[in-house]
Amino acid sequence: MLLYKSSATSEDKSPPGLTPPKKTNQKPKTKQKAAKMCCSGFLKIIMFVFNGVIFLAGAVVLAVGIWVSVDSSSLLGVLSHIPDAPPELAQLANVGYLLIAVGTVLALMGFLGCCGAVTENKCMLLMFFIIVLIIFIAEVAGAIVILVFQPLVKELLVKVNEKFVVTIQKNYGKDAGFTTVMNETMTQLKCCGFNNYTDFTGSPFVTDTNNYPESCCFKSLTICNLNAAEASAEVGCFNALVTLIEDNASILGGVALGIAALEIAAMVVSMVLYNNVGK
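Note that the structure is a prediction, hence the values are computed from the model and not measured.

Reading the values: rules and limits
Residues numbered from 1 in each chain as written. Predicted model: local features only at pLDDT ≥ 70, side-chain atom pairs only at ≥ 80, totals over all residues. Heavy atoms only, no water. Helix = DSSP H or I, 4+ residues; strand = E, 2+ residues; numbered from the N terminus. Expected span 1.5 Å × (residues − 1). Buried < 20%, exposed > 50% of the residue type's maximum accessible area, 1.4 Å probe, protein only. Arc of directions from axis to C-beta. Polar contact = N/O pair within 3.5 Å; in protein donor to acceptor, adjacent residues only side chain to side chain. Disulfide = S-S within 2.5 Å. UniProt positions renumbered as here; feature names shortened; annotations may be inferred. Contact = heavy atoms within 4.5 Å.

Undergrad: What is the right way to look at helix α6 (residues 176-189) in this model?
TA: Side chains of residues three or four places apart in an α-helix project in the same direction, reflecting 3.6 residues per turn. A rise of 1.5 Å per residue sets the reference length of α6, with its 14 residues, at 20 Å; its end C-alpha atoms lie 20 Å apart and thus fit the reference within 8%. Buried within α6 we find Phe178, Thr179, Val181, Met182, Thr185 and Met186. Buried residues of α6 fall within an arc of 165 degrees about the axis and therefore sit on the same side. Those residues of α6 that are exposed and aimed more than 90 degrees away from the buried face are Ala176 and Gln188. By the N-cap criterion, in which a side-chain oxygen at the helix start approaches the backbone nitrogen of a residue two or three places on, α6 is capped by aspartate 175, the distance to glycine 177 being 3.1 Å. Immediately downstream of α6, the backbone of lysine 190 shows phi near 55 degrees, a positive value.

Undergrad: Could you clarify how one ought to interpret the state of the cysteines in this entry?
TA: Two cysteines form a disulfide when their sulfur atoms are joined by a covalent bond. By the definition in use, this model includes three disulfides. Between cysteine 191 and cysteine 237 runs a disulfide, and the two sulfur atoms are separated by 1.9 Å. What sets the handedness of the cysteine 191 and cysteine 237 disulfide is the S-S torsion sign, and at about 75 degrees it is right-handed. With cysteine 191 in the loop between α6 and α7 (204-209) and cysteine 237 in helix α9 (residues 237-247), this pair connects stretches of sequence that are 46 residues apart. Its relative accessible area of 0% is what places cysteine 191 among the buried residues. Classification of cysteine 237 as buried rests on a relative accessible area of 7%.

Undergrad: Teacher, can you tell me more about the UniProt feature "transmembrane region" (unreviewed entry) in the protein chain here?
TA: In the numbering adopted here, UniProt assigns the feature "transmembrane region" (unreviewed entry) to residues 41-68, 95-118, 125-149 and 251-274. Strand forms 0% of residues 251-274 and helix 100%; the C-alpha atoms that close the span are 34 Å apart.

Undergrad: I would appreciate a short explanation of the environment of asparagine 210 in the present structure.
TA: Structurally, asparagine 210 can be placed in the loop between α7 and α8 (226-232). Between the alpha carbons of asparagine 210 and leucine 226 there is a distance of 7.9 Å; along the sequence they are 16 residues apart. Ignoring sequence-local partners within four residues, the contact set of asparagine 210 consists of Phe205 and Asn225.

Here it is in structure tokens:
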């Protein structure tokens, strides 16, 4: 027994001058792999959330575009009744179709991003990155164009003023379609005429009833005759529209900046996922 034990002990001892073989430790690699998987899962969640928001935004924009294209009571419907209007005004009719196109692209982009992140499909991730990059460049170019040509938009609407007043004086109260669209627009914007109540002077409605539209007397409880309309002094629809845009300019700017930041983050995350697929 003693001899067996001593021999075993001597066999376990390494010969002098030789180092015993080191046992490999797999724990650091396992930790690195776990950390990498955790990071990849976190990026997938972020990508899914980003694209979910983009998809919902696209659906909202698409719905607004359809509403603008179909709803004849919008301001575009009023402007379409103006004869011999400037050719630039006809481009406003394409706003609804532009919104539909943008909404469709955003919804498609969100779908590609979500599917690419979940399935780790490199083709979908690359397509998503390219689409977002194109949209981002188009948004920057559009913002520059708006800043450069903003004075021309107001100048265009000023040119429409005279022809709009002529149309009101000729058709309001006579053309049922134009009258309905005009009334609904004034009710929505809480305005009267293009400039003020004087735009309706001489129109078939005023000639037949000796009264002005009810929208010209929001502040008056009496019949909207000339004196009541003059005392109420409701703002014109042009100024009401400009005020509405100016009041919401900061909100629109904040939303635009938020979307731009979201797009940049989505592009970064998509590229990180793209590079990590297959590793």
